[in-house]
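For reference, the chains in residue letters:
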Amino acid sequence: MMTQKTAQTRHAEVRYLEGGSGTPLVFLHGAGGMTPEDPLLAALAETHHVYAPYLPGYGETEDCPELRDMLDYTLLGWDLVKAFGLTDPILVGHSMGGMIAAEMAAIAPNDVSRLALICPAGLWLEEHPIPDMFTFMPYEMPGYLFHDPESGAKLMTSGLDMNDPKFLQNYLVRNARQLGMAGKLLFPIPERGLAQRLYRIQARTVIVWGASDRLIPPVYGPAFAAGIAGSRLVTVPEAGHMVILEKPADVAAAVATLG
Amino acid sequence: MKFTWFNLMPWPYLPDDFREKNRSVWVDIDQRLFDPAKSHEVYNTYMDLLEYADTLGFDGVGVNEHHQNGYGIMPSPNIIAAGLARRTKNAAIVVLGNSIALYNPPIRVAEEFAMLDCISGGRLVAGFPVGTSMDTNYCYGQIPALTREKYAEAHDLIIRAWTERDPFAFNGRYNKLRHVNIWPRPIQEPIPPIHIPGGGSVETYDFCIDNTYSYSYLSFSGYLRAKVLMQGYWDRVAERNTPDVSPYRAGFAQTICVAETDEEAERLYSEHVLYFYNRCLHVHPGFADAPGYRTIKTIQTGALSQYAPPRGTYSQLTWKDLVEGGHVIAGSPETVRHRMEDLIKGLNVGNIFCLMHVGNMPADKCMYSSKLFAEKVMPKLRGLLPECEGDGRFWCKPLANRATSGTLPQPYSPARAAEAV
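Residues numbered from 1 in each chain as written. Chains lettered and ligands numbered in written order. Predicted model: local features only at pLDDT ≥ 70, side-chain atom pairs only at ≥ 80, totals over all residues. Heavy atoms only, no water.

Asker: Help me understand the interface of chain A and chain B, please; the structure alone is not making it clear to me.
Answerer: Often, the extent of an interface is quoted as the loss of accessible area upon association of its parts. Contacts between the two partners involve 18 residues from chain A, matched on the other side by 23 residues from chain B. Taken together, both faces of the contact between chain A and chain B bury some 1700 Å²; the carbon and sulfur share is 70%. When the buried surface of chain A facing chain B is broken down by residue, A:Arg68, A:Thr135 and A:Phe187 rank first, second and third, together holding 37% of it. Taken together, the links from chain A to chain B amount to two residue pairs in polar contact (both at pLDDT 80 or more). Across the side of chain A that touches chain B, the residue classes break down as eight nonpolar, five polar and five charged. (Contact = heavy atoms within 4.5 Å. Buried area = accessible area lost by both parts, 1.4 Å probe. Polar contact = N/O pair within 3.5 Å; in protein donor to acceptor, adjacent residues only side chain to side chain. Nonpolar A, V, L, I, M, F, W, Y, C, P; charged D, E, K, R; others polar.)

Asker: What is the right way to look at the pattern of salt bridges in this model?
Answerer: Here the idea is simple: oppositely charged side chains can pair when their charged atoms come close. Residue and element names in this part refer to chain B. All told, the structure shown has 28 salt bridges over all chains when counted by the stated rule. Residue glutamate 112 pairs with arginine 108 through a salt bridge whose shortest N-O separation is 2.7 Å. Highlighted residues: glutamate 112 and arginine 108, both in helix H4 (residues 107-120), separated by four residues, approximately one helical turn. The exposure class assigned to arginine 108 is partly exposed, which follows from its relative accessible area of 45%. Residue glutamate 260 is joined to lysine 376 by a salt bridge in which the shortest nitrogen-to-oxygen separation is 3.9 Å. Of this pair, glutamate 260 sits in the loop between strand S9 (250-258) and helix H9 (262-280) while lysine 376 sits in helix H13 (residues 363-381), placing them 116 residues apart in sequence. The network of salt bridges with common partners includes Asp206, Asp210, Arg236, Glu239 and Arg240. (Salt bridge = Lys/Arg side-chain N within 4 Å of Asp/Glu carboxyl O. Helix = DSSP H or I, 4+ residues; strand = E, 2+ residues; numbered from the N terminus. Buried < 20%, exposed > 50% of the residue type's maximum accessible area, 1.4 Å probe, protein only.)

Asker: Just checking my understanding: could you explain the packing of helix H8 (residues 222-239) of chain B against helix H12 (residues 333-347) of chain B for this structure?
Answerer: How two helices pack is summed up by the angle between their axes together with the distance between the axes. All names here are of chain B. Contact pair H8 / H12: the axes reach a minimum separation of 9 Å and the direction vectors enclose 20 degrees. Between H8 and H12, the interaxial angle falls into the category roughly parallel. Listed contacts from H12 to Tyr223, Leu224, Ala226, Lys227, Met230 and Trp234 of H8 are Arg339, Asp342, Leu343, Gly346 and Leu347. Partitioned by chemical class, the residues of the contact of H8 with H12 number seven nonpolar, one polar and three charged. (Axes fitted to C-alpha atoms, helices over the stretch in contact; angles between N-to-C directions. Parallel < 35°, antiparallel > 145°, perpendicular 65-115°, else oblique.)

Asker: How should the side chain of B:Ser332 be read in this particular structure?
Answerer: Residues and elements named next belong to chain B. Within the fold, serine 332 resides in the loop between strand S10 (328-331) and H12. Accessibility expressed as a relative area gives 12% for serine 332, which makes it buried. There is a polar contact of 3.0 Å between the side chain of serine 332 and the side chain of threonine 335. Filtering out sequence-adjacent residues up to four positions away, serine 332 remains in contact with Val258, Ala259, Glu260, Thr261 and Asp262.

Asker: Is there a simple way to explain unusual backbone geometry in this structure?
Answerer: Peptide bonds are mostly trans, and most non-glycine residues show a negative phi. The amide bond that connects A:Phe187 to the next residue, A:Pro188, takes the cis arrangement and shows omega of -10 degrees. Note that A:Pro188 resides in the loop between helix H6 (165-186) and strand S7 (204-210). Note that the residue after B:Asn104, namely B:Pro105, is joined by a cis bond; omega there is -5 degrees. We note that B:Asn348 has phi near 55 degrees; this positive angle belongs to a residue other than glycine.

Structure, rendered in structure tokens:
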């Protein structure tokens with residue numbers, strides 16, 4: 001059971017979800033956001049004390065114009081760790097959240113000893129360009145995000161009708177808030193120089209990838225693994241970019257190997 | 001009234017099955033559809049037409065900026081404007097405009113606009129669009145949520161560069177310049193008139209009101225649909241206690257086709273108008289509005305991007321639909337005059353951007369339509385706003401005595417010099 005709370009940082013008042021008990025773990029969501037019902041949060045909370053902030057523009061956290069670039073969001077991550085009162089929590093990030101977590105670990109390598117990156121953004125391989133998610137139509141999303149797009153569409157919309165104008169209008173506003181923020185890190189190419197900083201990461205790192213990821217193709221897994229000394233790559237079969245929805249138990253099990 | 005003859009410069013060779021075979025006329029349009037050799041003819045014809053408009057007595061000739069776009073082969077309007085500055089005599093050079101967030105550093109705009117103003121003898125009307133999402137975000141890679149902040153900074157920098165007379169340091173977030181000191185600077189003092197294209201956001205209304213800039217609504221959906229948006233602007237002008245409601249505070253773009261009769265207009269122009277609405281406006285909706293480009297406030301007011309027609313695209317519209325719906329004002333001079341009066345009075349606009357070239361219209365038809373408009377329609381509309389006739393705040397102030405291009409003296413000749421002694 002996750003509870004919503006508020007953390008005050010210098011630039012943003014951040015809502016976050018907290019639940020479970022055990023080793024502290026900070027989870028950073030991807031560009032699609034998160035909900036209190038996310039099964040990965042529940043799975044992680046069985047064995048960890050989970051803190052999952054809504055980044056600015058997501059959930060009830062207001063947009064924050066003062067935060068503009070990768071460094072701003074990396075430092076927001078550390079400001080949040082401090083606001084939660086934590087020292088060396090396990091850092092877990094999915095997609096854009098994985099990019100932020102990796103940057104946090106690279107900028108402050110002595111402050112993070114365990115890191116889980118779930119199909120993170122942040123690298124760009126010329127031979128494997130990542131599709132431009134900022135041009136996707138709503139109906140195209142499931143095809144990129146899920147191993148099984150049909151059941152994926154239902155997971156995304158909780159069964160609501162994508163053709164319903166009211167749903168679409170809310171979708172537009174939510175999309176503008178969320179992807180407006182995400183664009184600061186991911187538009188037009190989801191790469192902000194992480195490749196030249198990856199070597200700094202000292203944390204024991206597990207990298208998790210859905211074998212059917214059509215947004216950030218699985219070939220990026222080995223690229224991250226090669227950049228982070230001693231890291232371990234776990235590939236989850238029959239899962240796409242939203243491996244956290246499609247195979248949450250597998251992801252939680254991979255994270256659990258960090259302790 | 002100020003009538004500006006406008007050409008979007010569409011590529012006129014999009015194939016009949018363009019819609020079926022291509023997802024977008026913009027951003028990722030098929031390279032192979034562009035033929036550089038053919039464009040030589042196209043560019044020169046289009047520039048000739050702009051020059052022709054000057055001879056017909058239009059108040060301005062207009063150019064604009066689009067990128068990777070099948071209906072606008074003018075990524076650099078300043079290049080076209082430079083040609084016009086030389087080859088036209090009287091018309092204002094209306095550059096509507098330069099997307100100032102895209103120029104790095106933006107003093108490039110201050111410089112090029114200054115050059116245009118100097119070459120044309122003070123005939124520049126400057127435009128500062130944010131730029132469409134297609135241009136600014138998808139083609140030029142600007143981060144959507146930061147585009148407006150970058151635009152605002154570029155604007156401040158350009159105005160300071162035009163108005164300050166001593167070098168200054170500009171420590172912006174997006175531009176750091178230690179020695180701003182543009183050379184040349186515009187003829188028009190303190191600055192050339194500025195028009196801002198907008199699509200219905202309150203922030204842009206206020207920006208125009210605060211700076212005494214003219215608000216331009218550049219729509220392709222015609223004056224009937226523009227009513228709500230323009231009323232929003234005028235309401236805001238009233239709300240802000242603006243000292244006047246001069247119609248020159250606003251501009252509107254309208255597609256116009258004139259013939260001897262209504263029937264002739266349909267016969268001559270419908271294929272070209274349909275070419276524009278069916279092929280040229282075929283924009284992939286995924287490019288219409290990058291998340292973060294428009295403010296949440298603007299989205300919540302329900303203003304949809306004009307490039308994202310919600311249901312039923314333009315392709316389903318017939319000539320009759322387009323004319324009756326006001327997308328296009330077409331017909332005999334009398335018909336066009338009536339509808340233009342409705343437009344001018346209904347929207348209270350003093351600046352009309354006349355889209356006289358449409359789609360794949362050939363030069364001769366375009367000249368016919370433009371000439372009829374200039375001779376039989378324009379004179380009758382001139383007196384429509386008598387109370388504001390003297391409002392020069394939103395138009396250029398050219399030098400009284402201007403150079404004539406192409407009038408060099410004979411080259412120096414030693415023999416002649418010797419004779420003269």
